[in-house]
Amino acid sequence: MAKVIEGLYYSESHEYVKVEGNIGIIGITDYAQKALGNVVYVDMPEVDDEVEAGAEFGAVESVKAASDLYSPVSGTVVEVNEALEDAPELINQDAYANWIIKVEMSDESELENLMDAAAYEAFCEKEGH
Amino acid sequence: MNNNMEQKEKRTCLYDKHVALGALMSPFGGFEMPIQYAGIAVEHQAVREKVGLFDVSHMGEVTVRGKDAERYVQYIFTNDIAGAPVGKIYYGMMCYENGGTVDDLLVYKMGENDFFLVINASNIDKDWSWMQQHAEGFDIDLQNRSDDYGQIAVQGPESEQVMEQVLGIPCSELTFYTVKTIDDVIVSRTGYTGEDGFEVYATPDYIRACWDKLIAAGVQPCGLGCRDTLRFEAGLPLYGDELTEEISPIMAGLSIFVKLDKAFIGRDALLKQKEEGVAKKLVGIELADKAIPRHGYTVLKDGQPIGEVTTGYHTLSTDKSVCMALVDSQYAVLGTGLDIQIRKKVFAGKVVKKLFYEKRYKK
């Protein structure tokens, strides 16, 4: 059973956002890392890059395939998780502790378009069948 | 992730076993095949270090028998089987008149004027029509036996031991690329992993019984995921990636399997390619970064597109991002600096030998 954490916002493409003030901390969910298998590379944007809600901002790669990352919110990248450059497998160990980028959100109302933990859990259940 | 796919893929005789083992299943070559069980990395290492078991029942089998069998195989096949001893196996291609590749295949010499041809699953229908079209004027009995045979591959350094002790099939006397039959069971020392190993062709019932014994003995089941990483590291081509209707065996660097001193379909075009050179060649490229070049990504020189990636991985054996790519021949020299466009970024690499793992066959 994939882990889902209360208090986070979730997208249908399996990214999460943890909100701290006006900063959105973005990563992929436990469900996503399980579906991918061993993560061997994370393609991340650079600090100061703009990201847009629903648009691709990078990719996570398993042995077999690259899977695009879509930003759940719009804004400016303020930090990327450099630890993933040398140890992408951290995402498999704990996808929530090992976020990918931090974004200064330009429109916090976009969070309303995302799912809460209960809705996301139901969404994964449906997708799994 | 789209689960609404229509069920139109064929199933192999081991389909139920894969489902029972919890394999991730996916369509490949017209069949619903296992991609992985425990994970690609675990299965890959099992084959490199011990032994792994693959369902390769999707592969196609064609038999050629009769007075003109040898002459016919010589006509459609790039390698030279003239005067081959019974029990010998040859790798080669069938080519179009223009030199493009119809398929790559194995030819087993089962007896005098008796050949067993093993072809790719995705090409069975195409190959079968091709073979029939070119059978005119030959006194042969040509049969497509693809639905009659199940096939497993037992691959890895412990494969001989497992074949003999678990399956009770004596095979220590088989050398690399030779075959023998025990009743109706065909056993060859062949594979697609760069390791020592065997392939067994038999009835679905026999293959299912072998599968059960091997799984009960603790042999790791392996999916097509690691079959691809293993063959890629060993520099072995996959039809559809490194060989296509556009990519000839000469372009793919496989001229050792093309015998131009005999007559066969495509020979004149391939001879011309060999003598005059080819516009594009298959090379290996190693990247400095960990970003992974995938099939279809563009290869650049000074910002200009000069080729395309055919297969790429972050290899499990060497921890490097490498690929095979078809590039303009002038850039195919070892050590040449080339770049690869990976999504929005460009990564620097250099041309290397397209062999990322030293093969360990029992010669």
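Treat the numbers as computed from the prediction; the structure is a model and nothing was measured.

A word on the overall build of chain A
- Broken down by element type, chain A carries four helices and nine strands.
- The helix and strand sequence of chain A, counted from the amino end, reads β-β-β-α-β-β-β-β-β-α-α-β-α.
- For 129 residues, the compact-globule estimate of 2.2 N^0.38 gives 14 Å, and the C-alpha radius of gyration of chain A, at 13 Å, lies within 12% of that figure.
- Counting only C-alpha atoms, chain A reaches 35 × 35 × 20 Å along its principal axes.

Some words on the domain arrangement of chain B
Residue and element names in this part refer to chain B.
- According to the domain assignment, chain B consists of domain 1 (15-57 + 148-233), domain 2 (60-133) and domain 3 (279-352).
- Here the C-alpha centre of domain 3 lies 31 Å away from the C-alpha centre of domain 1.
- The interface is formed by six residues belonging to domain 1 together with five residues belonging to domain 3.
- Going through the elements one at a time, helix 2 (40-49) and helix 7 (224-233) are the ones with two or more residues in the side of domain 1 that touches domain 3.
- Counted by class, the side of domain 1 that touches domain 3 contains two nonpolar, two polar and two charged residues.

Notes on the sheet that holds strand 4 (residues 39-43) of chain A
All names here are of chain A.
- Read across the open sheet, the three strands follow the order 4-6-7; overall the sheet is antiparallel. Strands at the two margins of the open sheet, each flanked by one partner only, are strand 4 and strand 7 (66-70). Mean inter-strand twist for the sheet, computed between neighbouring axes without regard to direction, equals 25°.
- Judged from the four bridges that link them, strand 4 and strand 6 (residues 56-62) form a sheet pairing that is antiparallel. Across the sheet, the residue bridging to Asp43 is Ala59, located in strand 6.

Things to note about the nonpolar core
- Of all hydrophobic cores here, the largest spans 125 residues; its most connected members are Val107, Phe115, Leu117, Ile152, Ile285 and Ala325 of chain B.
- Contacts of Ile152 of chain B, omitting those with residues within four sequence positions, involve Leu53, Phe54, Asp55, Val56, Val200, Ile207, Cys210 and Trp211 of chain B.

Some details on the sheet that holds strand 5 (residues 89-95) of chain B
All names here are of chain B.
- Strand order in this open sheet of five strands is 5-6-7-4-8, and the pairing throughout is antiparallel. Edge strands, defined here as strands with exactly one partner in the open sheet, are strand 5 and strand 8 (141-144). Within this sheet the neighbouring strands show an average axis-to-axis angle of 25°, counted without direction.
- Lying on the sheet, helix 3 (residues 69-76) is in contact with strand 4 (60-65), strand 5, strand 6 (101-111) and strand 7 (114-119); it crosses strand 4 at an angle near 130°.

Section: the confidence of the model for chain B
- When pLDDT is averaged along chain B, the result is 95, and 98% of the positions lie at 70 or above.
- Note on the complex model: pTM 0.91, ipTM 0.78.

Regarding the interface of chain A and chain B
- Across the contact, 12 residues belong to chain A and 13 residues belong to chain B.
- If you list the elements that add at least two residues to the side of chain A that touches chain B, you get strand 4 and strand 6 of chain A.
- A total of three residues in the side of chain A that touches chain B trace back to one element, the largest contributor, which is strand 4 of chain A.
- Here the residues of the side of chain A that touches chain B are counted per class, giving six nonpolar, two polar and four charged.

A word on the pairing of strand 16 (residues 304-314) of chain B
Residue and element names in this part refer to chain B.
- Bridging between strand 15 (residues 298-301) and strand 16 involves four bridges; their strand directions are antiparallel. Looking across to strand 16, one finds that Lys301 is bridged to Gln304.
- Count of turn residues in the strand 15/strand 16 antiparallel hairpin: two residues, of which Asp302 carries a positive phi of about 50°.
- Bridge count between strand 16 and strand 17 (residues 321-328): seven bridges; the pairing is antiparallel.

Focus: the environment of Cys95 of chain B
Residue and element names in this part refer to chain B.
- Within the fold, Cys95 resides in strand 5.
- Judged by the 27 C-beta atoms lying within 10 Å of it, Cys95 falls in the buried class.
- Taking the C-alpha atoms as reference points, Cys95 and Pro249, 154 residues apart in sequence, are found 8.5 Å from one another.
- When residues no more than four places from it in sequence are discounted, the contact partners of Cys95 are Thr78, Gly100, Thr101, Val102, Ser248, Ile265, Gly266 and Leu270.

Side note on helix 6 (residues 204-216) of chain B
Residue and element names in this part refer to chain B.
- Given a rise of 1.5 Å per residue, 13 residues ought to cover 18 Å, and the 18 Å separating the end C-alpha atoms of helix 6 matches this to within 8%.
- Three or more residues of helix 6 are buried, namely Ile207, Cys210, Trp211 and Leu214. In an axial view of helix 6, the angular spread of the buried residues amounts to 100°, which keeps them on one side of the axis. Turned more than 90 degrees away from the buried face of helix 6 sit Asp205, Asp212 and Ala216, all of them exposed.
- Here the buried face of helix 6 lies against helix 1 (15-20), strand 3 (52-55), strand 9 (150-155), helix 5 (159-165) and strand 12 (197-202).
- With its phi angle positive at about 90°, Gly218 sits one or two positions after the end of helix 6.

Here we look at unusual backbone geometry
Residues and elements named next belong to chain B.
- Of note in the backbone geometry, Tyr177 takes a positive phi value of approximately 65° without being a glycine.
- With respect to the element layout, Tyr177 can be found in the loop between helix 5 and strand 10 (179-182).
- Even without a glycine there, the phi angle at Arg343 is positive, about 50°.
- Within the element layout of this structure, Arg343 appears in the loop between strand 18 (337-342) and strand 19 (345-352).
- By C-beta crowding, Arg343 is classed as partly exposed, having 14 other C-beta atoms within 10 Å.

Rules and cut-offs
Residues numbered from 1 in each chain as written. Chains lettered and ligands numbered in written order. Predicted model: local features only at pLDDT ≥ 70, side-chain atom pairs only at ≥ 80, totals over all residues. Helix = DSSP H or I, 4+ residues; strand = E, 2+ residues; numbered from the N terminus. Rg over C-alpha atoms; globule rule 2.2 N^0.38 Å. Domains from an automatic or database assignment. Contact = placed C-beta atoms within 7 Å. Nonpolar A, V, L, I, M, F, W, Y, C, P; charged D, E, K, R; others polar. Pairing = 2+ DSSP bridges. Axes fitted to C-alpha atoms, helices over the stretch in contact; angles between N-to-C directions. Core = buried A, V, L, I, M, F, W, Y, C linked by C-beta atoms within 7 Å. Buried ≥ 20, exposed ≤ 12 C-beta atoms within 10 Å, placed from the backbone. pLDDT = per-residue confidence, 0-100. Expected span 1.5 Å × (residues − 1). Arc of directions from axis to C-beta.

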